[in-house]
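# Examining the three-dimensional arrangement
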Amino acid sequence: MNTIAVTDRKTHSDSLVLAKAAAERLGIPFVDRKKASLADLRASYGVDNILIAKKGLLYLDTPDGELFFHPNMSQLRVKNLRLGQSDHMVEAMGIKPGMKVLDCTMGFGADSIVASFAAGDNGSVTGVEVSPLIAEVVGYGLSHFLAGNYEMHAALRRIKVVNADYLDFLKRQPDKSFDSIYFDPMFRHPLTDSKNINPLRSVADHRPLSEEAVAEARRVARHRVVMKENARSLEFARLGFDTIMGGKYSKVHYGVIMLD
Ligand SMILES: C[S@@+](CC[C@H](N)C(=O)[O-])C[C@H]1O[C@@H](n2cnc3c(N)ncnc32)[C@H](O)[C@@H]1O
């Protein structure tokens, strides 16, 4: 995996336990860093990525920047939902309290968190992520980050993270076992202003969504299958997402397949 696990330089016993446990879960070497800089570690161990346990969370230092979990990307959207405003993704997915949602492309977990808040205490969100490093960093964050308010905290903790390829995961699910299924693949044509996802880009899976995965999702979903893409993307037509939703002037749109 081209990655080692370390603590920050001010080694704390909690960070040591976390770094060792994460290294074991991922099957990567744990390195006793002592005072070595990240550049020294890269040179000594010949790796691109360094997983760092610090301040109770995991950070992945990649050549393109640091990948870490923070709910900031979902906070404003959750706040707007709390104020009774709508959210384009929640509308497109038709999420109602109590629903069972499958996010096939969890990434940073922002969309999973918004879906989890919208589905509420009696709902559930499963977030599938194929990259073991992203699943580890974000999964650990979702279960340990201390959010500022109870509803956000509960929304984070309700998300179940699965490290798998969504096609394999979908094939294992019974017919109509989730209400709404969501795909947010890496855009075929990335939007240039989304630089904060650069560290994710270097470890993410960039394959396009396949017709086979859409067919599986149609079988597993009861209500809707949704894909987020660049507003002018040809992927919607290619994959049969015949209803397009989202803001008129928004750079991203949601393609929806209605099943009921
Ligand atoms: C654009 S990001 C998703 C961002 C996410 N919606 C959010 O709110 O943070 C796409 C993610 O899907 C993951 N991915 C791509 N192909 C996948 C697959 N076949 N199975 C599971 N995850 C996949 C990538 O590794 C990447 O982390």
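Note that this is a predicted model, so its numbers are computed, not measured.

What counts as what
Residues numbered from 1 in each chain as written. Predicted model: local features only at pLDDT ≥ 70, side-chain atom pairs only at ≥ 80, totals over all residues. Heavy atoms only, no water. Buried < 20%, exposed > 50% of the residue type's maximum accessible area, 1.4 Å probe, protein only. Helix = DSSP H or I, 4+ residues; strand = E, 2+ residues; numbered from the N terminus. Pairing = 2+ DSSP bridges. Arc of directions from axis to C-beta. Contact = heavy atoms within 4.5 Å. Near = heavy atom within 4 Å. Polar contact = N/O pair within 3.5 Å; in protein donor to acceptor, adjacent residues only side chain to side chain. Areas by Shrake-Rupley, 256 points an atom, 1.4 Å probe, with all protein chains shown as cover. Nonpolar A, V, L, I, M, F, W, Y, C, P; charged D, E, K, R; others polar.

A few words now on the pairing of strand β8 (residues 178-183). Most of β8 is tucked away: six of the six residues are buried. The pairing of strand β5 (residues 100-103) with β8 spans three bridges and is parallel. Looking at the pairing, Leu102 lines up with Ile181 of β8. Pairing between β8 and strand β9 (residues 221-230): five bridges, direction parallel. Within β9, the residue paired with Phe178 across the bridge is Ala221.

Let's shift gears to helix α3 (residues 72-82). Along α3, the residues that are buried comprise Ser74, Val78 and Leu81. Down the axis of α3, the buried set is contained in an arc of 55°. They therefore lie on one face. Pointing more than 90 degrees away from the buried face of α3 are the exposed residues Leu76 and Lys79. Contacts from the buried residues of α3 go to α4 (88-93), α5 (110-119) and α7 (150-158).

It is worth spelling out the site of the ligand at this point. Around the ligand, the structure places 21 residues, and the nearest of them are Asp111, Glu129, Tyr166, Asp184 and Asp205. At a separation of 3.0 Å, an oxygen atom of the ligand approaches a polar backbone atom of Phe108. Within the contact set of the ligand, a nitrogen atom lies 2.9 Å away from a backbone nitrogen or oxygen of Tyr166. In isolation the ligand exposes 600 Å². Once the protein is present, 94% of that is buried. When the residues that make up the shell around the ligand are grouped by side-chain class, the tally is 12 nonpolar, three polar and six charged.

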